[in-house]
Amino acid sequence: MIPEPLARTPSFSRLDDLSAPMASLLIGALESMAANPEIQRVRRVAWDALSPAPGRHLLDAGCGAGEVARELAAAGADVVALDYSAATVAAAADRHDGGTVRYLTGDVTRLDFPDATFDGVRCERVLQHLAEPDRAIAELARVTRPGGRMCLVDTDWESLAVDGLPADLMDAVRAHFANQGQPHHTGMGRTLRRRLVRAGLRDVTAIPVVCYFTHPSQIGFVLPMFNAAVPPEAGLVPESIRDTWFAAIENAGVRDEFLAVLTIWVARGTVGS
Ligand SMILES: C[S@@+](CC[C@H](N)C(=O)[O-])C[C@H]1O[C@@H](n2cnc3c(N)ncnc32)[C@H](O)[C@@H]1O
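Predicted model only: the values in this text are computed from it and were never measured. (Residues numbered from 1 in each chain as written. Predicted model: local features only at pLDDT ≥ 70, side-chain atom pairs only at ≥ 80, totals over all residues. Heavy atoms only, no water.)

A. Focus on the UniProt feature "domain: Methyltransferase type" (unreviewed entry) in the protein. The UniProt entry lists residues 59-151 under the feature "domain: Methyltransferase type" (unreviewed entry), expressed in the numbering used here. Along residues 59-151 one finds 29% helix and 31% strand; the C-alpha atoms at either end are 10 Å apart. (UniProt positions renumbered as here; feature names shortened; annotations may be inferred. Helix = DSSP H or I, 4+ residues; strand = E, 2+ residues; numbered from the N terminus.)

B. Examining the packing of helix α7 (residues 167-179) against helix α9 (residues 242-254) more closely. Where α7 meets α9, the axes come as close as 11 Å, and the angle between the chain directions of the two elements is 120 degrees. Taken together, α7 and α9 sit at an angle that is classed as oblique. Relative to α9, α7 is oriented so that their crossing is left-handed. Residues L169, M170 and V173 of α7 pack against T244, W245 and A248 of α9. Split by residue class, the contact of α7 with α9 holds five nonpolar, one polar and no charged. (Axes fitted to C-alpha atoms, helices over the stretch in contact; angles between N-to-C directions. Parallel < 35°, antiparallel > 145°, perpendicular 65-115°, else oblique. Left-handed = near helix turned anticlockwise from the far one by under 90°. Contact = heavy atoms within 4.5 Å. Nonpolar A, V, L, I, M, F, W, Y, C, P; charged D, E, K, R; others polar.)

C. Expanded view of the confidence of the model for the protein. Looking at the protein, pLDDT values average 93 and 96% of them are 70 or higher. Counting interchain partners and residues more than four positions distant, the pLDDT-below-50 stretch residues 1-8 has eight contacts. (pLDDT = per-residue confidence, 0-100.)

D. Looking closely at the environment of E67. With respect to the secondary-structure elements, E67 resides in helix α4 (residues 67-74). The exposure class assigned to E67 is buried, which follows from its relative accessible area of 15%. Each C-alpha atom of the pair E67 and S19 lies 24 Å from the other, and the pair is 48 residues apart in sequence. (Buried < 20%, exposed > 50% of the residue type's maximum accessible area, 1.4 Å probe, protein only.)

E. Expanded view of the state of the cysteines. Under the counting rule described, the total for this entry stands at zero disulfides. No disulfide involves C123; its sulfur sits 9.6 Å from the nearest other cysteine sulfur, which is in C151. Overall, C123 belongs to the buried group, its relative accessible area being 1%. Residue classification places C151 among the buried residues on the basis of a relative accessible area of 1%. (Disulfide = S-S within 2.5 Å.)

F. Broad picture of α9. Across its 13 residues, α9 extends 18 Å between first and last C-alpha, which sits within 8% of the 18 Å expected from 1.5 Å per residue. Taken residue by residue, α9 has R242, W245, F246, A248, I249, A252 and G253 as its buried positions. Looking straight down α9, one finds that the buried residues subtend no more than 155 degrees of arc, so they occupy a single side. In α9, the exposed residues that point more than 90 degrees away from the buried face are D243, E250 and V254. Where α9 is buried, its residues touch α7. Positioned one or two residues after α9, D256 has a phi angle of 60 degrees, which is positive. (Expected span 1.5 Å × (residues − 1). Arc of directions from axis to C-beta.)

G. Quick peek at the site of the ligand. Around the ligand, the structure places 19 residues, and the nearest of them are G62, D83, D107, V108 and E124. At 2.6 Å, a backbone N or O of G62 approaches a nitrogen atom of the ligand. Take R125: an N or O atom from its side chain is 3.0 Å from an oxygen atom of the ligand. For the ligand, whose free accessible area comes to 600 Å², the fraction covered by protein is 97%. A class-by-class count of the residues in the shell around the ligand yields eight nonpolar, six polar and five charged. (Near = heavy atom within 4 Å. Polar contact = N/O pair within 3.5 Å; in protein donor to acceptor, adjacent residues only side chain to side chain. Areas by Shrake-Rupley, 256 points an atom, 1.4 Å probe, with all protein chains shown as cover.)

H. Examining the pairing of strand β4 (residues 118-124) more closely. The buried fraction of β4 amounts to seven of the seven residues, a majority that puts the element mostly inside the structure. One ladder, built from six bridges, connects β4 with strand β5 (residues 144-163); its direction is parallel. Within the sheet, the bridge partner assigned to G120 lies in β5 and is R149. Read as a crossover between parallel neighbours, the route from β4 over helix α6 (residues 133-142) to β5 is right-handed. (Pairing = 2+ DSSP bridges. Right-handed = clockwise from strand over helix to strand, strands pointing away.)

I. Expanded view of the packing of α6 against helix α8 (residues 188-198). Following both chains from N to C, one finds α6 and α8 inclined at 50 degrees, their axes separated by 11 Å at the closest point. Taken together, the axes of α6 and α8 lie oblique to each other. The two elements α6 and α8 cross, and the hand of that crossing is right-handed. Along the contact surface, α6 presents P133, D134 and I137, while α8 presents M188, R195 and L196. Across the contact of α6 with α8, the residue classes tally to four nonpolar, no polar and two charged.

What follows is the structure, encoded as structure tokens:
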């Protein structure tokens, strides 16, 4: 029997409602993702969008453990790192390393900043978890000054492709993931360009970064349903096939026949005057 706080699918949309162990697992997962070479490749593509020059006032909305906010501050920017989850903001603040970062709790769909507060805003892998992603984009545009830049990063979970695993197992895991209702928008990444255009941004570009893994050990938490260290309580793999699924992944790795591919999109635009 799963204890009550863990019985619901753990989600980044309500981190503070989770048990302390599950919340710290998810915060640790964010840190581990930040160190993953494929996520670092995504972030390199996103980096240029905000020109983090000294004196620039930037917002990282849904900052998680705050790695990017600290990197932007290290480049001289004056950064607000905001997250809905108080536990996450506390974890990010604990990791503070001396740059100009203000850590705040807040909701990206209802930002408590005046219009045109920031020179640039970013929001990475947050919109997929929101019931109202376009409201968040409108808020991000509102708090950005005319001519300022917005950078959105999000996953297209529907792009997941694999080789080297039995198709019936992959189909079962894929269906299970789709049926959980978390994240809210499994195809968010591919919709970012359209959403920025509809929000009235100019010079919109969207770049697909195709992340790929040729051994299960490379995946970490980027594709958590492939990681046997993620506990069953996370609910990512149907219990009835859990052992077979992870044995198949391990075997594919041993045979050097494993492949998994996931597209994460980086979309950028300029806020109009
Ligand atoms: C998958 S994590 C990504 C964190 C970070 N951007 C990164 O790339 O590591 C999603 C984050 O969005 C935060 N979040 C969820 N809903 C939010 C909201 N309405 N406003 C602000 N942050 C939110 C969560 O607490 C979590 O830290």
